[in-house]
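Listed here are the chains, written in short residue letters.
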Amino acid sequence: MPKALITGITGQDGAWLAKFLLDKGYEVYGVYRRLSTPNFWRLQALGIMDKLTLIQGDITDLSSMLRVIQQVEPDEVYHLAAQSHVGWSFDTPIDTIETTGLSTAIILEALRLTKGHEKGVKFYFAGSSEMFGNTILNHKGKIDESCPFMPASPYAASKVLGYHLTRIYREAYGMHAVVGMLFNHESELRGLEFVTRKITNAVAKIKLGLQDKLHLGNLDAKRDWGYAPEYVEAMWLMLQSEKPDNYVIATGEAHTVREFAQLAFDEVGLNWEDHVVVDKSYYRPRDVANLIGDYSKAERELGWRPRTTFKELVRIMVRADLERWQKWLRGEPIPFDAPYAEPLKVKK
Ligand code: NAP
Ligand code: G4F
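Residues numbered from 1 in each chain as written. Chains lettered and ligands numbered in written order. Predicted model: local features only at pLDDT ≥ 70, side-chain atom pairs only at ≥ 80, totals over all residues. Heavy atoms only, no water.

Draft legend 1. Main features of the environment of K122. Checked against the element boundaries, K122 lands in strand β5 (residues 122-128). Judged by relative accessible area, K122 falls into the partly exposed class, the value being 21%. Apart from residues lying up to four places away in sequence, K122 is in contact with D75, E76, V77, H176, L239 and Q240. (Helix = DSSP H or I, 4+ residues; strand = E, 2+ residues; numbered from the N terminus. Buried < 20%, exposed > 50% of the residue type's maximum accessible area, 1.4 Å probe, protein only. Contact = heavy atoms within 4.5 Å.)

Draft legend 2. How the structure looks around the site of ligand 2. Near ligand 2 there are 23 residues, and of these S128, S129, Y155, R284 and D287 occur at the shortest range. A distance of 2.7 Å is found between an oxygen atom of ligand 2 and a side-chain nitrogen or oxygen belonging to N184. Take R284: an N or O atom from its side chain is 2.6 Å from an oxygen atom of ligand 2. Protein contacts shield 95% of the accessible area of ligand 2, which totals 710 Å² for the unbound molecule. Partitioning the shell around ligand 2 into residue classes produces nine nonpolar, seven polar and seven charged. Among the domains, domain 1 (3-186 + 225-249) and domain 2 (195-223 + 254-287 + 309-339) are the pair contributing at least three residues each to the shell around ligand 2. (Near = heavy atom within 4 Å. Polar contact = N/O pair within 3.5 Å; in protein donor to acceptor, adjacent residues only side chain to side chain. Areas by Shrake-Rupley, 256 points an atom, 1.4 Å probe, with all protein chains shown as cover. Nonpolar A, V, L, I, M, F, W, Y, C, P; charged D, E, K, R; others polar. Domains from an automatic or database assignment.)

Draft legend 3. Inspection of the pattern of salt bridges at higher detail. Under the counting rule described, the total for this entry stands at 18 salt bridges. Among the salt bridges present, the one from R258 reaches D220, with a minimum N-O distance of 2.9 Å. Within this pair, whereas R258 is found in helix α10 (residues 257-267), its partner D220 is found in the loop between β8 (214-216) and β9 (222-223), the two being separated by 38 residues in sequence. Among the salt bridges present, the one from E332 reaches R330, with a minimum N-O distance of 2.7 Å. (Salt bridge = Lys/Arg side-chain N within 4 Å of Asp/Glu carboxyl O.)

Draft legend 4. Here's a closer look at the domain arrangement of the chain. Partitioning the chain into structural domains gives domain 1 (3-186 + 225-249) and domain 2 (195-223 + 254-287 + 309-339). Computed over C-alpha atoms only, the centres of domain 1 and domain 2 are separated by 27 Å. Regarding the contact of domain 1 and domain 2, the summed buried area is about 1,500 Å², with carbon and sulfur atoms giving 67% of it. If you look at where domain 1 meets domain 2, you find one salt bridge. Here R223 makes a salt bridge to E130, at a shortest N to O gap of 3.7 Å. Summed over the shared surface of domain 1 and domain 2, the number is one residue pair in polar contact (both at pLDDT 80 or more). Going through the elements one at a time, α2 (41-45), α4 (86-91) and β10 (226-227) are the ones with two or more residues in the side of domain 1 that touches domain 2. The biggest single contributor to the side of domain 1 that touches domain 2 is α4, with three residues. (Buried area = accessible area lost by both parts, 1.4 Å probe.)

Rendered as structure tokens:
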């Protein structure tokens, strides 16, 4: 049975990836950080808590990661843990650089020191479309692997650091190390602080009379939104490929935040304009206007392509949130604590 080690296993992608690998017959180990309150709701929601081995560790501490790697002796390492909120990275640039960028050096170094590269351990780094920022598009008007990086946030700059470190360890030590440059991917397990889930959760509550208004920032931003369970499969495919390389993973279609909101409200028969309030406090010091990916290389070399349409994605998310809040109203136990953990609006 191959062994996979996942950092960020408690996050959206970590949970979906753990499920995917368990279904493939992997022994799955997950690193999680010490928190005063455990945060396993996604793993519980997917019903996989008792199928995993969870190990406490600190991704910004080399001794901690060395211990984890020596203990697990993984065949594949998926480094997904990150401070993943672009807007928040403007408020916490140093922490973001440590958690999202420096941690990559720590894990790569822990692998090198334990001779991971000689044992053929494979490494996946969670890169991001944010690394491209407001880049120069290719001849199809999309972003592919050849487009230059123009990071527009501390988060994006940290991911560019992780990208280059991964490349350097591949070239210098022959490590099977890859970067997935994934465009936005969402699901019913998405965190509430990201715009899609913030919208679908609010739509469900508004429909059920639990909320009236939804405050949003930049409605004109365009994103290429796919369905997360399909994107974790791409991560795995990259590590199965003969030659380690970097890949763009996307749907090839972009929509504005306004379109997402409109469709989500349509789904429950409401007019979005009656509820959405533009709130400048959600604007970022700098935003990326348009992210649309060209996944041709992944399709050609990995046989990967997206399957869920934009409309289906919105429907999956709205229905899941409606179901959660309906259960909550009936007083039934729900396996999700996230609906209660809505981020409070904090004064800056
Ligand atoms: P997520 O839901 O925010 O999960 C982030 C994970 O990182 C969580 O498990 C979190 O642990 C962990 N983490 C955060 N800070 C940490 C720290 N200081 N020490 C240890 N662990 C820490 O993000 P996601 O959507 O699953 O994304 C997974 C990865 O892909 C991230 O690297 C993200 O930047 C990248 N990415 C995501 C997308 C997307 O659209 N989803 C697109 C491109 C790239 P807690 O649960 O304890 O907070
Ligand atoms: O949902 P978002 O916060 O996602 P963003 O910034 O695109 O980042 C996500 O995708 C990246 C891949 O491209 C990942 F690397 C990253 O980890 C994360 O998963 O915001 C999407 C857009 C932005 O333009 C933002 O300004 O929505 C706009 N927006 C408008 N109102 C809002 C809101 N974003 C948030 N979070 N909250 C709002 O109220």
